[in-house]
Amino acid sequence: MTPTGGTTERIVKSVIWVTGQNVIGRLIQLAMLLVLARLIGPREIGLVGIALLALSASRKFTNIGLNAAIVQRKESNVDGYLNTNWLLEIGRGALITVVLFASAPLIASLFDTPRAEPLLQAIGFSPLILGLRNPGVVYFQKNLEFHKQFVYRISGSIGAFIVAVGYALVWPTAWAYVAGFLTADVIRLVVSYVIHDYRPRPQFDREVAGELINYGKWITGSSILYFIYSEGDDAFVGWLLGPVALGWYQYAYRFSNAPATEISQVVSSVMFPAFSEYQDNPERLRSSFLKTVQLVSLVTFPMAIGIAVVTPTFVRGFLGSDWTGMITAMQILTLFGLFRSLGKVFGAFWKAIGRPDYITKLSVLRVALLALLIYPATSTLGITGTALLTTGIFVFPMMPIDLYIITRSVGTSYSALLSELVYPLAASAIMGAIVWYVNLVLEIPPIAEFVVLVSLGAIIYGVVTLIFTQQFGWDIDKNVRELMSTL
């Protein structure tokens, strides 16, 4: 399973490693969130949410795309860039730590939550810890060595779960999450030096820094805009409706978008360097893009529709009555996650062909629409209105515009691209309708009902997919067999 061999073989093995990493990591994280939801409740989760929002904003506003710039370069040996990259990341981490520590009182007062101040100051050390990590970890993505990244990421996730849950069992407060969060960073810092033999030195090259920053300037812009349209709604909910509503909204987003998030991470982690290797072969690049869209939709469409159907059962069974206020918002946000997974494929392609500016320019429109409409939507309908707006903007006008640009970038047609989506959508709709009906007539305890519905949905989707491949010529089985034979 070591990712060796040709590019295609390394891609397939890397997909398996990244998928395993994301599935295991997400399961650990979701298990931790479920336990903390029961132990500390939505208000404490909302306080952590304020601290995480401030941390995310500081990271996004200072993201200069250094690692992406290195991965995108054609040369295989990038050691000459790593020392400069390391110093830039340390400087960035130190700046964020200082800014968050100093601004914590102001941020806490802005949200009218004084208890968030020390949480902000503590969690602000995370960027400094990560800035000190071994810059050689960039090779995990550049060389498709995702078996090493698996160890790097999962070790931190396990540490976070153990510390956060253990802390919450003794002291059920927001500090449990912060303790676990920082523990993960420390573990990954140590592991980065254990599993990669590169050793950085304090050497700074202005020319190298200029090259990295010149590529990353569009990453910076898109990163800022991404925060505004992906987490600006969280910040607005916390400011207008308070920490409890923020806790509901953030949990609704995390659980509804978990599958899409993991698929997106697989795509952006593996297909960005893979597309980059094919950038001089337009036909191979186009074929790889369309197959990626097909496989992503095969997984994300049924997950999104399935989550929407079982959300009420899931919330009542696993989170409890304190969390029922998030049900409608969570169902709406599953559609957002579905379109977001496709958008990640487009973004990886644009970055690979050296056009990250597309992501930034499209984000400007999305942010403008969100800023214009979020107050009336949220003040009128609460977090349900926020979820409707966030999803609605993605559905229209952003997705039609994305499709127009991506077809021109790839050199394909609307019909060729949309044909990759028709069968997964139809199979998912059939599965969703059947599971929804069973949910109406089934009367058993919520957790047992959840298990039955999920199992039933998986079986139905598998059967419908098999029928489509045999009766209507859907070639997904051919693509899967090609990937397996390559492996």
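What this report covers is the structure whose coordinates are included nearby.

1. Some remarks on the overall build of the protein chain
Reasoning step 1: A count of helical and extended segments in the protein chain gives 17 helices and 0 strands.
Reasoning step 2: Relative to the globule expectation of 23 Å for 487 residues, the C-alpha radius of gyration of the protein chain, 22 Å, shows essentially globular dimensions.
Reasoning step 3: Each principal axis of the C-alpha distribution contributes one length, and for the protein chain these read about 65 × 55 × 45 Å.
Reasoning step 4: Every one of the 487 residues in the protein chain was classed for burial, and the buried ones make up 56%.
Reasoning step 5: Long-range contacts, defined as pairs at least 24 residues apart, comprise 82% of the intrachain contacts of the protein chain with a sequence gap of at least 6.
Reasoning step 6: For the protein chain, the exposed area adds up to about 20200 Å²; of that, 67% sits on carbon and sulfur atoms.

2. Let's talk about the pattern of salt bridges
Reasoning step 1: By the definition in use, this model includes 7 salt bridges.
Reasoning step 2: Note that R92 is salt-bridged to E89, the shortest N-O span being 3.4 Å. In this pair, R92 and E89 are both assigned in helix α3 (residues 79–110), 3 residues apart and thus about one turn of the helix distant.
Reasoning step 3: Exposure remark for R92: the relative accessible area of 22% places this residue in the partly exposed category.
Reasoning step 4: Its salt-bridge partner being D402, residue R366 comes within 3.9 Å of it at the nearest N-O pair. Of the two residues, R366 sits in helix α13 (residues 357–381) while D402 sits in helix α14 (residues 383–410), which places them 36 residues apart along the sequence.
Reasoning step 5: Where salt bridges share partners, they join R355, D357 and K361 into one cluster.

3. With respect to the nonpolar core
Reasoning step 1: In terms of nonpolar packing, the biggest core is built from 135 residues, with L36, Y251 and F289 touching the most fellow members.
Reasoning step 2: Not counting the four nearest positions on each side in its chain, F289 is found in contact with F275, V345, F346, F349, I406, V410 and L417.
Reasoning step 3: Formed by 5 residues, the second largest nonpolar core is a distinct cluster that contains L130, F140, Y152 and V191.

4. A word on the packing of helix α11 (residues 282–319) against helix α16 (residues 446–471)
Helix-helix packing: each pair is described by the crossing angle between the helix axes and the interaxial distance.
Reasoning step 1: Orientation of α11 relative to α16, taken along the N-to-C sense of each, is 165°, at an axis distance of 9 Å. In terms of axis orientation, α11 runs roughly antiparallel to α16. Here α11 runs over α16; the crossing is right-handed. Residue-level contacts link L298, P302, V310, T313, F314, R316, G317 and F318 of α11 to P446, I447, E449, F450, L453, Y461 and T465 of α16.
Reasoning step 2: Taken together, the residues of the contact of α11 with α16 break down into 10 nonpolar, 3 polar and 2 charged.

5. Some points on helix α15 (residues 414–441)
Reasoning step 1: Between its terminal C-alpha atoms α15 stretches 41 Å, which fits the 40 Å expected from 28 residues at 1.5 Å a residue.
Reasoning step 2: Roughly 25° is the biggest bend found in α15, and it falls at L421, with proline P424 one to four residues downstream.
Reasoning step 3: For α15, the full list of buried residues reads L417, E420, L421, P424, A427, S428, M431, G432, V435, V438 and N439.
Reasoning step 4: Along its buried surface, α15 packs onto α11, α12 (327–352), α14 and α16.

6. Considering the environment of Y404
Reasoning step 1: Within the fold, Y404 resides in helix α14.
Reasoning step 2: The exposure class of Y404 is partly exposed, given its relative accessible area of 42%.

7. Remarks on α3
Reasoning step 1: Given a rise of 1.5 Å per residue, 32 residues ought to cover 46 Å, and the 44 Å separating the end C-alpha atoms of α3 matches this to within 8%.
Reasoning step 2: Its axis deflected by about 55° at S103, α3 carries its strongest bend there, up to four residues before the proline P105.

8. What to know about unusual backbone geometry
Reasoning step 1: Residue P397 follows F396 across a cis peptide bond; omega there is 15°.
Reasoning step 2: By the secondary structure assignment, P397 is in helix α14.
Reasoning step 3: Residue D112 is not a glycine yet carries a positive backbone phi of 55°.
Reasoning step 4: Inspection of the secondary structure assignment puts D112 in the loop between α3 and α4 (116–123).
Reasoning step 5: In this structure D112 comes out as exposed when scored by relative accessible area, which is 66%.

9. A short note on a nonpolar patch on the surface
Reasoning step 1: Taken together, L39, L169, V170 and W171 make up a surface patch of nonpolar side chains, about 430 Å² in accessible area.
Reasoning step 2: Relative to the assigned elements, V170 resides in helix α7 (residues 146–170).

10. Some words on the packing of aromatic side chains
Reasoning step 1: All chains considered together, the criterion is met by 22 aromatic pairs.
Reasoning step 2: For the pair W17 and F150, a centre-to-centre distance of 5.3 Å together with 65° between the ring planes defines the contact as edge-to-face. With a gap of 133 residues between them, W17 in helix α1 (residues 7–61) and F150 in helix α7 connect regions that are remote in the sequence.
Reasoning step 3: Of the residues examined, F150 reaches a relative accessible area of 18% and is grouped as buried.
Reasoning step 4: Measuring from ring centre to ring centre gives 5.1 Å for F255 and F314, while their planes differ by 55°; the resulting arrangement is tilted. A residue pair is termed long-range when its members are at least 10 positions apart, and F255 in helix α10 (residues 243–277) and F314 in helix α11 qualify at 59 residues. Accessibility assignment for this pair places F255 and F314 in one class, buried.
Reasoning step 5: Of the aromatic side chains, those joined through ring pairs into one cluster are Y251, F255, F314, F318, W323 and F450.

11. A look at the side chain of D233
Reasoning step 1: Examined against the element boundaries, D233 turns out to sit in helix α9 (residues 206–241).
Reasoning step 2: Buried within the structure, D233 lacks any salt-bridge partner; R340 is the closest side chain of opposite charge, at an N-O distance of 10 Å.
Reasoning step 3: There is a polar contact of 3.2 Å between the side chain of D233 and the side chain of T390.
Reasoning step 4: If we ignore the near neighbours within four places in the chain, the residues touching D233 are I228, Y249, I374, T386 and T390.

Conventions and cut-offs
- Residues numbered from 1 in each chain as written.
- Predicted model: local features only at pLDDT ≥ 70, side-chain atom pairs only at ≥ 80, totals over all residues.
- Heavy atoms only, no water.
- Helix = DSSP H or I, 4+ residues; strand = E, 2+ residues; numbered from the N terminus.
- Rg over C-alpha atoms; globule rule 2.2 N^0.38 Å.
- Buried < 20%, exposed > 50% of the residue type's maximum accessible area, 1.4 Å probe, protein only.
- Contact = heavy atoms within 4.5 Å.
- Areas by Shrake-Rupley, 256 points an atom, 1.4 Å probe, with all protein chains shown as cover.
- Salt bridge = Lys/Arg side-chain N within 4 Å of Asp/Glu carboxyl O.
- Core = buried A, V, L, I, M, F, W, Y, C linked by side-chain atoms within 4.5 Å.
- Axes fitted to C-alpha atoms, helices over the stretch in contact; angles between N-to-C directions.
- Parallel < 35°, antiparallel > 145°, perpendicular 65-115°, else oblique.
- Left-handed = near helix turned anticlockwise from the far one by under 90°.
- Nonpolar A, V, L, I, M, F, W, Y, C, P; charged D, E, K, R; others polar.
- Expected span 1.5 Å × (residues − 1).
- Bend = angle between axes of the 7 residues up to and from the residue.
- Patch = residues over 30% accessible without salt bridge, like charges linked within 9 Å, V, L, I, M, F, W, Y side chains within 5 Å.
- Phe/Tyr/Trp six-rings, centres within 6.5 Å; stacked < 30°, edge-to-face > 60°.
- Lys, Arg positive; Asp, Glu negative; His and termini not counted.
- Polar contact = N/O pair within 3.5 Å; in protein donor to acceptor, adjacent residues only side chain to side chain.

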